[in-house]
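Single-letter residue listing:
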Amino acid sequence: MAPTFNLISIVVSDMGRSLAFYRRLGFEIPADADAEPHVEAALPGGLRFAWDTAETVSSIDPSWTPSEGGGKVGLAFLCDDPAEVDRVYADLVKAGYEGHLEPWDAFWGQRYAVVHDPDGNGVDLFAPLPTTS
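The structure reproduced in this document is the subject of the present report. (Residues numbered from 1 in each chain as written. Predicted model: local features only at pLDDT ≥ 70, side-chain atom pairs only at ≥ 80, totals over all residues. Heavy atoms only, no water.)

A sheet is described by the order of its strands in space; here three strands give the open sequence β1-β3-β2, paired in mixed fashion. Of all the strands in the sheet, just β1 (7–12) and β2 (38–42) have a single pairing partner and so form its edges. Neighbouring strand axes in the sheet, compared pairwise and without regard to direction, differ in orientation by 20 degrees on average. Examined bridge by bridge, β1 and strand β3 (residues 48–53) share six bridges and lie parallel to one another. (Pairing = 2+ DSSP bridges. Helix = DSSP H or I, 4+ residues; strand = E, 2+ residues; numbered from the N terminus. Axes fitted to C-alpha atoms, helices over the stretch in contact; angles between N-to-C directions.)

Now the structure itself:
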């Protein structure tokens with residue numbers, strides 16, 4: 001039997017700030033989780049998403065050191081339509097998060113944008129463009 005993919009985890013420098021960002025993308029995370037060293041949220045299909053502080057990771061693996069520069073993980077969120085890509089991007093940027101690539105109509109047939117989470121990870125927002133017959 002092969003292992004089953006079950007969890008995506010990122011290391012965060014500020015748990016509350018990171019959770020606030022992901023709440024804006026629809027994650028259901030209790031407000032009291034902001035002070036926790038490890039937080040998990042259930043995803044559709046049985047997957048889980050987790051956030052760990054650097055201190056938590058270091059307590060498990062004392063030889064671990066954070067990578068320099070940030071942006072080591074890319075995540076992508078499917079939006080309902082192109083207008084939602086624009087709306088979510090604008091909402092995140094207005095809330096103070098770094099817009100990396102403003103929404104555009106990509107040649108592969110999607111409305112696409114990229115925002116950085118508080119730790120510099122790329123978060124893609126996309127939706128299929130309407131097809132013309």
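Moving on, we get to the sheet that holds strand β7 (residues 122–128). As summarised here, the arrangement of the four strands in space is β4-β7-β6-β5, forming an open sheet in which the pairing is mixed. Across the chains shown, the open sheet's two edge strands, defined by having one partner strand only, are β4 (74–78) and β5 (98–105). Looking at each pair of strands side by side, their axes are set apart by 15 degrees on average, direction ignored. As judged from the seven bridges shared by strand β6 (residues 110–116) and β7, these two strands associate in the antiparallel manner. Paired with Gln110 across the two strands is Pro128, which belongs to β7. Along the sheet face, helix α3 (residues 82–94) touches β5, β6 and β7 and points at about 15 degrees away from the line of β6. (Contact = heavy atoms within 4.5 Å.)

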